[in-house]
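Coordinates in review
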Amino acid sequence: AQSVTQLDSHVSVSEGTPVLLRCNYSSSYSPSLFWYVQHPNKGLQLLLKYTSAATLVKGINGFEAEFKKSETSFHLTKPSAHMSDAAEYFCVVTDRSSGTYKYIFGTGTRLKVLA
Amino acid sequence: GAGVSQSPRYKVAKRGQDVALRCDPISGHVSLFWYQQALGQGPEFLTYFQNEAQLDKSGLPSDRFFAERPEGSVSTLKIQRTQQEDSAVYLCASSLSGSGPTDTQYFGPGTRLTVL
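This is a predicted model, so every value here is computed, not measured.

Looking only at helices and strands, one finds 0 helices and 11 strands in chain B. Shown N-terminal to C-terminal, the secondary structure of chain B runs as helices and strands in the order β-β-β-β-β-β-β-β-β-β-β. Residues classed as buried in chain B amount to 47% of the 116 residues present. Excluding contacts between residues fewer than 6 apart, the proportion of contacts in chain B whose partners are at least 24 apart in sequence is 55%. Chain B carries 11 positive and 11 negative side-chain charges, and their two centres are separated by 9 Å.

So, about the sheet that holds strand β7 (residues 65-68) of chain B. Residues and elements named next belong to chain B. Here we have 4 strands laid out as an open sheet, ordered β1-β3-β8-β7, and antiparallel in their pairing. Each edge of the open sheet carries a strand with a single partner, namely β1 (5-7) and β7. Going from strand to strand, the sheet's axes swing by 15° on average, the running direction of each strand aside. For β1 and strand β3 (residues 19-24), the ladder comprises 3 bridges, and the chain directions are antiparallel. Its bridge partner being in β3, Q6 is matched across the sheet by C23.

Let's shift gears to the interface of chain B and chain A. Opposite the 24 residues of chain B that make contact, chain A presents 21 residues. For the pair chain B and chain A, the summed buried area comes to about 1,800 Å², and 53% of that belongs to carbon and sulfur atoms. If you look at where chain B meets chain A, you find 0 salt bridges. In this structure, the connection of chain B to chain A is made through 10 residue pairs in polar contact (both at pLDDT 80 or more). Broken down by secondary-structure element, the contributors of at least two residues to the side of chain B that touches chain A are β4 (31-37) and β5 (44-50) of chain B. Examining the composition of the side of chain B that touches chain A, we find that 3 residues originate from one element, β4(B), more than from any other. When the residues that make up the side of chain B that touches chain A are grouped by side-chain class, the tally is 10 nonpolar, 11 polar and 3 charged.

Relative to the elements of secondary structure, B:Q36 occurs in strand β4. Not counting residues within four places of it along the chain, the set of residues in contact with B:Q36 comprises B:G42, B:P43, B:E44, B:L46, B:F65, B:D86, B:A88, B:V89 and B:Y90.

Now for the nonpolar core. Among the nonpolar cores identified, the biggest contains 26 residues, and A:W35, A:L48, A:L76 and A:Y89 are the most heavily contacted of them. Counting residues per element, this core draws most heavily on strand β10 (residues 87-95) of chain A, which supplies 4 residues. If we ignore the near neighbours within four places in the chain, the residues touching A:L48 are A:L33, A:F34, A:W35, A:V57, A:K58, A:G59, A:F63, A:E64, A:A65, A:F74 and A:L76. Counting 20 residues, the second-largest nonpolar core is a separate cluster that includes B:V19, B:I26, B:Y90 and B:C92.

Our focus in this paragraph is the confidence of the model for chain A. When pLDDT is averaged across chain A, the result is 93; 100% of the residues are at 70 or more. When pLDDT is averaged over each element of chain A, strand β3 (residues 19-21) of chain A comes out on top at 98 and strand β11 (residues 102-105) of chain A at the bottom at 92.

All names here are of chain B. Because side chains alternate across β7, one face comprises the buried residues F65 and A67, and the other comprises F66 and E68, none of which is buried. In this sheet, strand β8 (residues 75-79) lies alongside β7 in antiparallel orientation, the contact comprising 4 bridges. Across the sheet, the residue bridging to E68 is T76, located in β8. Counting the residues in the hairpin turn of β7 and β8 gives 6 residues, including G72, whose phi is positive at 75°.

The subject of this paragraph is the pairing of β5(B). Each regular strand shows side chains that alternate between the opposite faces of the sheet. Residues and elements named next belong to chain B. Along β5, 5 of the 7 residues are buried, which leaves the element largely enclosed by surrounding structure. As consecutive antiparallel partners, β4 and β5 are separated by 6 residues, and within that stretch G40 has a phi angle of approximately 75°, a positive value. Joining the antiparallel neighbours β5 and strand β6 (residues 53-56) is a turn of 2 residues, in which N51 adopts a positive phi near 55°.

Residue and element names in this part refer to chain A. Along the chain, D85 turns up in the loop between β9 (73-78) and β10. Looking at D85, the relative accessible area reads 5%, which means it is buried. Put simply, D85 and V19 are 66 residues apart on the chain and 9.6 Å apart in space, counted from C-alpha to C-alpha. Setting aside anything within four residues of it in sequence, one finds D85 in contact with F63, K78, S80, L111 and V113.

The rules we used
- Residues numbered from 1 in each chain as written.
- Chains lettered and ligands numbered in written order.
- Predicted model: local features only at pLDDT ≥ 70, side-chain atom pairs only at ≥ 80, totals over all residues.
- Heavy atoms only, no water.
- Helix = DSSP H or I, 4+ residues; strand = E, 2+ residues; numbered from the N terminus.
- Buried < 20%, exposed > 50% of the residue type's maximum accessible area, 1.4 Å probe, protein only.
- Contact = heavy atoms within 4.5 Å.
- Lys, Arg positive; Asp, Glu negative; His and termini not counted.
- Charge placed at Lys NZ, Arg CZ, Asp CG, Glu CD.
- Pairing = 2+ DSSP bridges.
- Axes fitted to C-alpha atoms, helices over the stretch in contact; angles between N-to-C directions.
- Buried area = accessible area lost by both parts, 1.4 Å probe.
- Salt bridge = Lys/Arg side-chain N within 4 Å of Asp/Glu carboxyl O.
- Polar contact = N/O pair within 3.5 Å; in protein donor to acceptor, adjacent residues only side chain to side chain.
- Nonpolar A, V, L, I, M, F, W, Y, C, P; charged D, E, K, R; others polar.
- Core = buried A, V, L, I, M, F, W, Y, C linked by side-chain atoms within 4.5 Å.
- pLDDT = per-residue confidence, 0-100.

Spelled out as structure tokens, the structure:
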């Protein structure tokens with residue numbers, strides 16, 4: 001079965017500094033990977049997804065992620081954090097072990113942005 | 001256009017009560033998923049519908065959990081004889097086509113269930 005590991009449960013950055021949220025995956029075949037963001041009392045919103053095309057994926061709000069097969073990683077980055085980026089971020093891989101392409105979520109990384 | 005909506009947004013139940021949680025997917029979306037998100041955890045898959053057919057219920061934790069989507073649109077997740085361990089946020093998601101590896105799922109805001 002596929003899985004993802006988010007290496008940090010909490011990350012704090014100052015406004016205007018770079019953001020790095022780390023995700024490693026385990027997959028027996030070429031994976032499809034996603035990053036979602038969850039703001040309080042709001043639904044999960046797709047930031048970006050990797051589907052075996054370009055390894056550098058650009059998403060919304062200035063986020064991007066790079067798929068590195070050799071390192072089994074899919075880290076999320078942003079050059080300059082904004083206060084509105086404070087939220088919970090989930091790395092996701094699709095898994096078909098039960099016959100359905102369902103999402104397998106990481107445990108989440110809570111991003112705090114300091115003024 | 002309208003996104004995925006869920007109701008109620010909050011539900012408090014006494015242990016042993018039955019509850020019903022509703023999901024209205026994006027119009028025309030074929031696939032519908034239910035997930036359970038415990039406090040401080042990532043969402044976990046419960047069940048999947050393609051139109052009105054429930055094709056995967058491998059994530060349902062017990063036979064107290066039941067889901068339906070009789071007309072291929074609105075779905076209801078029912079939990080019978082609720083237990084404290086059922087306290088969680090229940091998320092519904094829909095996607096445009098049948099289940100595929102790259103399909104984007106669109107999530108509703110969730111229903112927060114608290115069992116006392």
